[in-house]
Each structure stands twice: as C-alpha cells, then as structure tokens.
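One-letter residues, chain by chain:
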Amino acid sequence: MIYLFVTKNLNKNSMRMKIKMVDVKNILVLGAGLMGSGIAQVSLMAGYNVKLVDVKDEFVDSGYAKIEEGLKKLESKNALGEGVTAADLLARCGKSIDLASAVKDADFVIEAVIEKMDVKKQVCKTVMDNGPSHVIFASNTSTMSITEIGKDSGAPERVCGMHFFNPVPLMRCIEVIKGESTSDDTFNIAMDVAGKLPCLRGDRYIAPVLKDRPGFIVNRMNAPVIIYLHWAFDEAKKRGIPWERLDADAGGKMPMPPCVLTDFTGIDTNYHIMNYYKETLSPDFEPGEVITELNEKGDLGQKTGKGFYDWSQGRDAIMVKIKQAEAAGIFNLNTLFAIMLNEGCRILDEGIASGFKVIDDANMAGMNAPGPFGAGKKNYEAWAKVLEEVADKTGKEYLRPIELMRSGAFTKMRK
Ligand code: NAI
C-alpha cells in the first residue's frame, strides 16, 4: 500500500519533483460506537494496525468488546483465514482516549463520532494539528458536508468522506466522497483503503461520490420516496384506514413495508432526516402530519414500544395482520421506483456519480435492493407520467420528473 505524492514545480529550465512516500499501515478509528466498532473490525481483518479512540475508557472498552465478539464468532467458523485467531488480530488493536497523542503515528483516520458538526470539525482539526503531515481524515457522516468538516482544519485537501452502511461487516457498500477541497491523492488513497476492507457478505462495492451533496448517492436517491410515504401516511389517516391496510399495499414485496420500516428506523430519525433534506434540498421535504404528531407524542416506533404499531404484540403478529389485511390502494410500488429514477437522474445531472451503473450498484450494495435504472431504461416514459400525476395529487413539485428522466436522455449517458 505505497502511494506517491508528487508535486511538480516547473519553470523554464528546471523540473523539480517533491516525492513523499506514504504507506497506509496505521488506521485510527475515532468513535467506538455502533459504526466505529464495525469499521475497526474490518480494518483489523484487512491487516491494518488499528487504534480505537473515544472520549471515555468505558466507551472504548465496550467498542473493543464488540470487535472481540465479532472476531471470535468468525474464528469459530474458521472464517478469519487458515490458523488466524481473533487474538492475533486483536494484538494489532490499541485503545486510547487521547486523540492528540494517539494520532501521532496514524496514516489514516476514520471518524465515526456523533453526528454533530461542531464535534466533527473539532476532531478533524485535532487530527490535522497533531497527526503526521500525510494523515488523511475520512468522515463516516451520513448527512454532513465533508467540505464544511474539513474547512477550518488547516488541511482540507486531506479530508474526505467514507460512508459505511450498517452493519459495517455485512453491508457491501462504502461511498467515498470528494469534498470541494479534497485532493485527488486523498480521494484515491481513500478509495484504495475502502476497497481493502473485507465484507462478510460478498465483495465490497466502493462508490466514488464526485460531489459533496446531501445524502451522497444511496441515501439521496431514496430520500424523496419518504416525501411520498409521508403523503400516504397522512392520506390513510384522513380516510380512517388502519396502518396494516396501508402496509398491505406493498403486497409482501418489501422486506419491511413502510409503516413497519419507519417504526423500525425510528420516527424521530425519519423526522430529522426529512428536516435535514428540507433545509438542504427542497421545502417539499417538510415532514407530514402523522410523523410530526408521533414524534411530538414520543411514540418513536419499536424502540419506545409504540409508533404506527403497538410493538408489545411482537413483530410476527404485526406481519401476520398485514398479510391478512386488504390493500388500501393508496401507494404503489412502481411509483417508488419512478421517484428513485427521477432522483437518480438528478444525481447524474449534478455530476455526483459518473454514470447510472454506479448508482444502481451502490443501491444494491448499500440497501440490498435493486436500483431504478435497470427497469427505468424501458419504463421511463410511463414512469414520467406516473410522476406527473403524483406531483399533482400530492402538491409536491419536487416529485415532478426532471428533463433528464422525462426525455430518456439518461439512457444515452455513460453507463
Ligand atoms: P454511536 O452513538 O453508536 O457512536 C458514536 C460514538 O462516538 C460514541 O461512542 C461516542 O462516545 C463517541 N464520541 C462522541 N464524541 C466523541 C469525540 N469527540 N471523540 C471521540 N469519540 C466521540 O453512533 P453511530 O451509530 O456509530 O454513528 C457514528 C457516525 O456514523 C455518525 O456520524 C452517524 O451519522 C454515522 N453513520 C451511522 C449509521 C448508522 O446506521 N448508525 C450509518 C452510517 C453512518
């Protein structure tokens, strides 16, 4: 894993090349929570030396215990490689609660601290102030601007995004994001490191995200589907239709139908995501009435025992009710695909992805679900009509098809 940084200073008579060799060996994982522990585990499995850093010993220890548990499980299945034990890998995992000193020998930092801009900016600056002059800072933020995180760090060219999906060892996709100031070297090294991190469910898929825009690729493409679902929730309430009938509209074709999925992810998370896109993409992401009410009441879904459903009855009982319910006829699966195709076209239009295959592949690797372009190439005309109707019916202009989708011009773009 050797990289060359080459700076050329050319004048009439001379060419001077400054070459600095950087060999990524030491990865510092900052934040030992759900994501950080998964990232540290796969980094150890890739052969890197890892330092796990958090703000309190108990947090580092709990992250370390999760890594140990994950590795031991793999060891028991002989999945770590011939003769390799969890203890062998853990011998390369250090722990610290002092970032400024822990970063001194780090080549690459992957940040998975809480989703707060001031905390991310502060740890990024600490890394740049105290780390070696080649250290790269990669943020696992799911929503924040990479450009903003790196802006005041003193070395924005060495800051990029590395967005993992949960659970890290099992989800194949990693999005590597280029901020406005990210250098090509930083981006290429991050792509390379990401590609070396193993995945327990098949080959990793590394999606290059060429522009720092809200939601990157996968979350962005799925975001406007939530506008439509919030409309469907409100429509069902208005017509007095029970949630299991609305979920029956999915016809058993979604692993989790909309109300179950929203309860599972958390009503509050769903509400915050919509407010984030309302601020960064369009006012049409205003959360709907049903979600706003549930959020205000504190009925946040599975984690509080109540959301759309009463979870004390257990998930199986809920799923049986949905299976037996008559479909409400409010939402339609094809419409979800049409909305995703339109957003995928916006992603192409804005230059975030290099081609539509990247978008479909990233969706499959990050969501375990097909992207919209495969079917969209044949259906875009019919889907554009569907979206015109949906935009009229919901009053959400954001759902209206953009020219690239309506015209089918995306089919002639680079794959
Ligand atoms: P978590 O709450 O499980 O872990 C966050 C950890 O960061 C905690 O252990 C906390 O003590 C630590 N921390 C807070 N401030 C710190 C600081 N100044 N220095 C060092 N450590 C600090 O959160 P989770 O779910 O692991 O999320 C971490 C990041 O990953 C967030 O930015 C989140 O948006 C992002 N992400 C989360 C996904 C998920 O499904 N949970 C998916 C993709 C990205």
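Residues numbered from 1 in each chain as written. Predicted model: local features only at pLDDT ≥ 70, side-chain atom pairs only at ≥ 80, totals over all residues. Heavy atoms only, no water.

Student: Residues and numbers for the domain arrangement of the protein chain, please.
Tutor: According to the domain assignment, the protein chain consists of domain 1 (2-209), domain 2 (218-324) and domain 3 (333-412). A separation of 32 Å is found between the C-alpha centroids of domain 1 and domain 3. Taken together, the contact between domain 1 and domain 3 spans 9 residues of the former and 10 residues of the latter. Summing both sides of the interface, domain 1 and domain 3 together bury roughly 740 Å²; the carbon and sulfur share of this comes to 63%. Viewed at the interface, domain 3 and domain 1 are joined by 0 salt bridges. Linking domain 1 to domain 3 there are 2 residue pairs in polar contact (both at pLDDT 80 or more). (Domains from an automatic or database assignment. Contact = heavy atoms within 4.5 Å. Buried area = accessible area lost by both parts, 1.4 Å probe. Salt bridge = Lys/Arg side-chain N within 4 Å of Asp/Glu carboxyl O. Polar contact = N/O pair within 3.5 Å; in protein donor to acceptor, adjacent residues only side chain to side chain.)

Student: With reference to specific residues and values, describe the environment of phenylalanine 356.
Tutor: Along the chain, phenylalanine 356 turns up in helix 15 (residues 356-367). Along the sequence, phenylalanine 356 and methionine 413 sit 57 residues apart, while their C-alpha atoms lie 8.1 Å from each other. Apart from residues lying up to four places away in sequence, phenylalanine 356 is in contact with Leu348, Phe373, Lys377, Phe410, Thr411, Met413, Arg414 and Lys415. (Helix = DSSP H or I, 4+ residues; strand = E, 2+ residues; numbered from the N terminus.)

Student: Describe the sheet that holds strand 9 (residues 173-177), listing the residues and the values that go with them.
Tutor: Taken together, the 8 strands give an open sheet; going across it, the order is 5-4-3-6-7-8-9-10, and neighbouring strands pair in mixed fashion. Looking along the sheet, the strands with just one partner apiece sit at the ends: strand 5 (93-96) and strand 10 (205-209). Here the average twist between neighbouring strands, direction ignored, is 25°. In this sheet, strand 8 (residues 159-164) lies alongside strand 7 (residues 136-139) in parallel orientation, the contact comprising 3 bridges. Within strand 8, the residue paired with alanine 138 across the bridge is cysteine 160. Lying over the sheet, helix 5 (residues 117-130) contacts strand 3 (26-30), strand 6 (108-111), strand 7 and strand 8, oriented at roughly 160° with respect to strand 7. (Pairing = 2+ DSSP bridges. Axes fitted to C-alpha atoms, helices over the stretch in contact; angles between N-to-C directions.)

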